[in-house]
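# Results of the structural survey
Here are the chains, one letter per residue:
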Amino acid sequence: MSAPAPAFKPLVFSGVQPTGNLHLGNYLGALVKFVDMQKTHDCVYCVVDLHAITVAQEPRELTANIREIAAAFIASGIDAKKHIVFNQSQVAEHAELAWVFNCVARLGWLNRMTQFKEKAGKDRENASIGLYDYPVLMASDILVYRATHVPVGDDQKQHLELTRDIAQKFNNDYAAPIAAAGHGAAFFPLPEPIIQGPATRVMSLRDGGKKMSKSEPSDYSRINLTDDADAIAQKIRKAKTDPEPLPGDVEGLKGRPEADNLVGIFAALAGTDKATVLRDFGGQTFSPFKTALADLMVTKLSPIAAEMRRLRADPAFIDGVLRDGSDRARAIAAANMKAVKDIVGFVR
Ligand code: AQP
């Protein structure tokens, strides 16, 4: 008879890359959920700087961006004392486990990853090996804490599936030493992606078919968390729409990606759903809707921007938060890594 599957202690892990200004997509797709989940779970939130260097970064800018993301975490309402906020490169076990997982993951699995194809573009031969291996490092980020829940935007769904495949294959490949060491039928949990709500994929304000992204050249395509009220109002006024009035129900948003996106953003910011928003605005032109949307956005985002500005002026405080978080993260990761080394058969 095989050993029973262990019940893993619930733990949340997620990360954000320090690759530039955080935008509304990062906020609604990730940060809002990060804040929410800390009410019910122990949480580990990471500034994933090792991921950032999979594409070229200017070192001084990278340093500033790491602090900026940590500031955004805190300004959004993450409690860095109760939970863990740190940057990935301070905990070497992420990279260490990634090597073990490189030997577990299959080439065919990685060849299917759509984000690599999008990011590498036509010049694939020139992409870094790190960019190709990004999803394996992401699996290590999550599993080095044996995390059970991962709040992310919809674009990370495929990477989460790969994380589960890697965990499953490790558990199968090493089933005998895992059981012999008293871990039961599985050392790693199969982490659950938390992808919920009306804004799991916020789209560009200029093109409803493209994801809102930090690396999109046009600043008009996104709302940055640090945009002031004038910039927000202007970007929403200029946001692409279609000539029809807003529909009365969600069905009417089909085939209207820009309208769908703006209604989803409104619903997420208001903490409601698209149907409720359309009950209020259905049948109206975009003009009054856009004014209400910009006002709501300013109300929600401006306190965060103000707190980020305050924190930006105190880098020593942010560095202290990251150091303290790294120490606590390392304690968990090191214990799990020791167990992995024993399971794999390394001498330590
Ligand atoms: N448009 C989006 N809608 C909803 N969620 C989003 N996320 C990113 N864009 C959207 C979620 O934000 C978290 C952090 O993402 P990331 O910065 O680590 O990486 P990314 O997904 O590559 O973000 P960008 O903005 O597109 O960055 P660049 O342009 O540098 O590639 C993740 O949970 C992600 O799902």
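Small disclaimer: the values here were computed from a predicted structure and weren't measured.

What follows covers the domain arrangement of the protein chain. One frequently used descriptor of interface size is the decrease in accessible area upon assembly of the parts. Domains assigned within the protein chain are domain 1 (11–200 + 314–344) and domain 2 (219–310). Taken together, the contact between domain 1 and domain 2 spans 15 residues of the former and 18 residues of the latter. Summed over both sides, the interface of domain 1 with domain 2 buries roughly 1,300 Å², with 75% coming from carbon and sulfur. In this assembly, domain 1 and domain 2 are joined by 0 salt bridges. Where domain 1 packs against domain 2, one counts 2 residue pairs in polar contact (both at pLDDT 80 or more). Elements that contribute at least two residues to the side of domain 1 that touches domain 2 include exactly α1 (24–37) and α3 (59–76). Sort the elements by how many residues they give to the side of domain 1 that touches domain 2 and α3 lands first, with 5 residues. Residues that form the side of domain 1 that touches domain 2 fall into these classes: 10 nonpolar, 3 polar and 2 charged.

As a further point, take the packing of aromatic side chains. According to the stated counting rule, one finds 14 aromatic pairs in the structure shown. With 4.4 Å between their ring centres and 10° between their planes, Phe 34 and Tyr 45 make a pair best called stacked. Of this pair, Phe 34 sits in helix α1 while Tyr 45 sits in strand β2 (residues 42–47), placing them 11 residues apart in sequence. For the pair formed by Phe 34 and Tyr 45, the shared burial category is buried.

Attention now goes to helix α12 (residues 274–281). In an α-helix, one turn spans 3.6 residues; hence positions three or four apart end up facing the same way. Among the residues of α12, Lys 274, Val 277, Leu 278 and Phe 281 are the ones counted as buried. Seen from one end, α12 has its buried residues packed into an arc of 95°, which puts them on one side. Exposed residues lying more than 90 degrees from the buried face of α12 are Arg 279 and Asp 280. Remark: Gly 283 follows α12 within two positions and exhibits a positive phi of approximately 90°.

The rules behind each value
Residues numbered from 1 in each chain as written. Predicted model: local features only at pLDDT ≥ 70, side-chain atom pairs only at ≥ 80, totals over all residues. Heavy atoms only, no water. Domains from an automatic or database assignment. Contact = heavy atoms within 4.5 Å. Buried area = accessible area lost by both parts, 1.4 Å probe. Salt bridge = Lys/Arg side-chain N within 4 Å of Asp/Glu carboxyl O. Polar contact = N/O pair within 3.5 Å; in protein donor to acceptor, adjacent residues only side chain to side chain. Helix = DSSP H or I, 4+ residues; strand = E, 2+ residues; numbered from the N terminus. Nonpolar A, V, L, I, M, F, W, Y, C, P; charged D, E, K, R; others polar. Phe/Tyr/Trp six-rings, centres within 6.5 Å; stacked < 30°, edge-to-face > 60°. Buried < 20%, exposed > 50% of the residue type's maximum accessible area, 1.4 Å probe, protein only. Arc of directions from axis to C-beta.

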